[in-house]
Amino acid sequence: MLIAEKATSQQQCFSEKLRQESDRLYSKLSLLGWSKQVCEKLAPITLKINKLKKEKGVKILAHSYQTADILFGVADIVGDSLGLSKKATEVEENTILFTGVDFMAETVKILSPQKTVLVPTRGVGCTLADSITGENVKKLKLEYPGVPIVCYVNTTADVKAESDICCTSTNAKKIIESLESDTIIYLPDKNMGENLARITGKKVITWEGYCRTHHAISPRKFEQELNDNEVISFSHLECRPEIVKSSTKTGGTGDMHRFLNEAPSSKKILFLTEQGFIDRMKVEYPHLNLVDSNMICPNMKENDLVSILQALENPKEENYITLDENIRRRAHKAVIRMLKY
Ligand code: 13P
């Protein structure tokens, strides 16, 4: 074959791949109103990322709050914080690229120190994780000797290292009920601590930390839906106690996802959580009537396809998650205890 003919045939083959990729993206993203033109623009970059991750032996893990182009375009495993922590330990590849916020990628590194853990954007914070330090926990221990400390997964490794056990919104209730003590310290989410105190009947000492996205869900904003018998409302445990009390169900995004497998298609379902999760569910359960919350976590939205490609193609120092080994080992005890629940 002549060189010119070969080049034309390669070009045709690439154009066909692009067309297939944009069709694949459109089949999912059109359910959220994304246009064919947008999917055509995304296709070259998702193709490149998907090719590169295979060549380099990288698995992409994404939290459900990421944007839909990440979730349906390039992620290999999508889930809630508990599910992702568990799945990360089962990944065969030596490198994990975690798209979410820093503390989640740190949890992966705590559990799998032998793996390379990359993040697309470094320094993606969380108002909960940023509200407390290991030093604060040490002081609490002196103030309340012998009281077990349960820390939410939304904490840095040094806070986990000072805690007895870690938890996520999906297993927090079970973990608190499993502890013998009637009094526990729950860090750092005050709303969640108060919700868990009411649900478990235990005395819960709390910290002044809040998730800014869930704390902004006010009863006034969702008054109509919360009082409508045709709407099933499912609040995240990070919501204010008055929201959790007046919603039909409560839990983490893992519980919300499981609920959809048996949810009635006759009712509207309002998840009082970040919109990214609702978008994911709209694609996965198109027959259900899901109500938008329009609550956005700005931190979770700091990652995009461009930063994912950069971290895969040419990772810089800030893309690597590293932890002090002493802190990691102590944090590991609290996290591994959590994985039994
Ligand atoms: P999930 O445990 O439900 O995934 O929630 C994580 C989180 O950060 C909520 O704001």
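Residues numbered from 1 in each chain as written. Predicted model: local features only at pLDDT ≥ 70, side-chain atom pairs only at ≥ 80, totals over all residues. Heavy atoms only, no water.

This brings us to helix α4 (residues 81-90). Taken residue by residue, α4 has S81, L82, L84, S85 and A88 as its buried positions. Elements that come into contact with the buried residues of α4 comprise β1 (58-63), β2 (77-79), β3 (95-99), α5 (102-111) and α16 (325-338). (Buried < 20%, exposed > 50% of the residue type's maximum accessible area, 1.4 Å probe, protein only. Helix = DSSP H or I, 4+ residues; strand = E, 2+ residues; numbered from the N terminus. Contact = heavy atoms within 4.5 Å.)

Evaluation of the coordinates by the stated rule reveals 21 salt bridges. One salt bridge in this structure joins K59 and E93, with 3.5 Å as the shortest N-O distance. Highlighted residues: K59 in strand β1 and E93 in the loop between α4 and β3, separated in sequence by 34 residues. The partner of R280 in a salt bridge is E284, and the shortest N-O contact between them spans 2.8 Å. Here the residue R280 and the residue E284 both occupy positions in helix α14 (residues 275-284), the gap between them amounting to four residues, near one helical turn. By sharing partners, the salt bridges in this structure join E16, R19, D23 and K36 into a single network. (Salt bridge = Lys/Arg side-chain N within 4 Å of Asp/Glu carboxyl O.)

Let us look at the sheet that holds β1. Ordered in space as β2-β1-β3-β4, the four strands form an open sheet in which the pairing is parallel. Every other strand in the sheet has two partners, leaving β2 and β4 (116-118) as the edge strands with one partner each. Within the sheet, the average angular offset between the axes of one strand and its neighbour, ignoring direction, is 20°. Here β1 pairs with β2 via three bridges, running parallel. Pairing of H63 across the sheet is with G79, part of β2. (Pairing = 2+ DSSP bridges. Axes fitted to C-alpha atoms, helices over the stretch in contact; angles between N-to-C directions.)

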